[in-house]
Amino acid sequence: MSRTPDYSLLELASVREGDSVATTLANSVRYAQHAESLGFKRFWLAEHHNMEGISSSATSVLVGHIAGNTKSIRVGSGGVMLPNHPPLVIAEQFGTLECLYPGRIDLGLGRAPGTDPVTARALRRDGLGAEQFPEDVARLQTLLGPLQPGQPVKAIPGAGTNVPIWLLGSSLYSAQLAAMRGLPYAFAGHFAPRLYREALKVYRENFQPSEQLHQPYAMLAIPAIPAGSKDEARHLATTSYQRILALFRGQPLWMRPPVDSMDGLWNLAEEAGVRDFLKLQIMGNSEDLRQQLDDLLANIQVDELMFTIDIHDPEKRRQALDILAETRFRRTDSDATIN
């Protein structure tokens, strides 16, 4: 058995149907604080726009809010969708965050817009997009690195902070770029599981050491429904089923209460699509989760797992972290026994 991966969390600040954004963000803070108390390594927020039910659009603002209400957990973006922003602005924002919360800020970058084409044009009007992602990443690295003599554009704050940059992706493209640049890499298996094995393999086999990273460091994001039993987990999972179904249908993404059955809510094709979307989802009690994680990790090498947990009730969602954390303790004990 390989070394037990660290555990982290990805947050979309999903709004429960009928709740306010203020209530949602207060729940996100409590969620992050509980994760910190259990030893989770990171708490990342994902950038999405023009999606009713998702309140993490101002990603850097929320990173600061979570970091300011926690003490030790790393907080970052999972990720900032770089085609939406001038690199200088992101360098200034995350450089400022690093000055406020030194050693705790991560800058995860994606090359998708995180929204629909019309909103993407509204976010960035100059027509630039994903095609210049490698150049924008290089600009960010320069802006966050040490000031160079005669450097014409400086990120103040930002210069010299060396905020760790991660590349995020759901295909082989970002895996190849992360390997070439010597950057840590996170695969978005929580919504695009198809290529996770190939992408992680490409990344490790092609990794080139850099000043930021001497050896490859890979993360896999997966959905999880920790609960007291498999039956309870199957019930709770209907919340995420309903939300992904709404995504497929172009409907608002409010987080809805779980239902006893999805029969009548989706057709066979929609059910197949939702289950394919959540192909890497793990669910059940701590022993169920541990076995599923053992099976998942048997043929891949990752340094960290990042979980998305869509559970409607905020208290049950925090309790889910207790159950999930227990699986890591058991895996760590098992590692010690083997080693």
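Concerning the overall build of the chain
Thought 1: When helices and strands are tallied, the chain shows twelve helices and nine strands.
Thought 2: Rg of the C-alpha trace for the chain: 20 Å, near the compact-globule value of 20 Å for 339 residues, within the 12% margin.
Thought 3: If you line up the chain on its principal axes, its C-alpha atoms span 65 × 50 × 35 Å.
Thought 4: Burial analysis of the chain (339 residues in total) assigns 55% to the buried set.
Thought 5: Restricting to contacts in the chain with at least 6 residues of sequence separation, those with at least 24 account for 74%.
Thought 6: As presented, the chain carries roughly 14,900 Å² of accessible surface, and 53% of it is formed by carbon and sulfur atoms.
Thought 7: Charge centroids of the chain, computed over 33 positive and 38 negative side chains, lie 3 Å from each other.

Observations regarding helix 5 (residues 133-144)
Thought 1: End to end, helix 5 covers 16 Å across twelve residues, agreeing with the expected 16 Å (1.5 Å per residue, within 8%).
Thought 2: Burial in helix 5 covers these residues: F133, P134, D136, V137, L140, L143 and L144.
Thought 3: Tucked into the core, helix 5 has its buried residues touching helix 3 (87-100), strand 4 (105-110), strand 5 (165-169) and helix 6 (172-181).

Examining the pairing of strand 3 (residues 74-81)
Thought 1: With respect to burial, strand 3 is a largely interior element, eight of its eight residues being buried.
Thought 2: One crossover worth recording links strand 2 (residues 42-45) to the parallel strand 3 by way of helix 2 (residues 59-68), and it is right-handed.
Thought 3: Handedness of the strand 3-helix 3-strand 4 crossover: right-handed.

Describing the nonpolar core
Thought 1: Residues L107, L109, L220, F307 and I309 are the most contacted members of the largest nonpolar core, which totals 99 residues.
Thought 2: Look past the residues within four positions of F307 in its chain and what remains in contact with it is Y7, S8, L9, L10, I222, A224, I282, L293 and L324.

Here's the deal with the packing of helix 6 against helix 7 (residues 196-206)
Thought 1: The interhelical angle for the contact between helix 6 and helix 7, taken along N-to-C directions, is 20 degrees, at an axis separation of 8 Å. It follows from the interaxial angle that helix 6 and helix 7 lie roughly parallel. Of the two possible hands of crossing, helix 6 and helix 7 adopt the one that is right-handed. Residues L172, A175, Q176, A178, A179 and M180 of helix 6 touch helix 7, and the partners they reach there are E198, A199, V202, Y203 and N206.
Thought 2: Considered class by class, the residues forming the contact of helix 6 with helix 7 number eight nonpolar, two polar and one charged.

Some remarks on helix 7
Turn by turn, an α-helix covers 3.6 residues, leaving residues three or four places apart pointing in a common direction.
Thought 1: Among the residues of helix 7, those classed as buried are Y196, A199, L200, V202, Y203 and R204.
Thought 2: Those residues of helix 7 hidden inside the fold are in contact with helix 6, strand 6 (185-187), strand 7 (218-226) and helix 11 (286-297).

The rules behind these values
- Residues numbered from 1 in each chain as written.
- Predicted model: local features only at pLDDT ≥ 70, side-chain atom pairs only at ≥ 80, totals over all residues.
- Heavy atoms only, no water.
- Helix = DSSP H or I, 4+ residues; strand = E, 2+ residues; numbered from the N terminus.
- Rg over C-alpha atoms; globule rule 2.2 N^0.38 Å.
- Buried < 20%, exposed > 50% of the residue type's maximum accessible area, 1.4 Å probe, protein only.
- Contact = heavy atoms within 4.5 Å.
- Areas by Shrake-Rupley, 256 points an atom, 1.4 Å probe, with all protein chains shown as cover.
- Lys, Arg positive; Asp, Glu negative; His and termini not counted.
- Charge placed at Lys NZ, Arg CZ, Asp CG, Glu CD.
- Expected span 1.5 Å × (residues − 1).
- Right-handed = clockwise from strand over helix to strand, strands pointing away.
- Core = buried A, V, L, I, M, F, W, Y, C linked by side-chain atoms within 4.5 Å.
- Axes fitted to C-alpha atoms, helices over the stretch in contact; angles between N-to-C directions.
- Parallel < 35°, antiparallel > 145°, perpendicular 65-115°, else oblique.
- Left-handed = near helix turned anticlockwise from the far one by under 90°.
- Nonpolar A, V, L, I, M, F, W, Y, C, P; charged D, E, K, R; others polar.

Function cannot be inferred from these measures alone, as they are strictly geometric.
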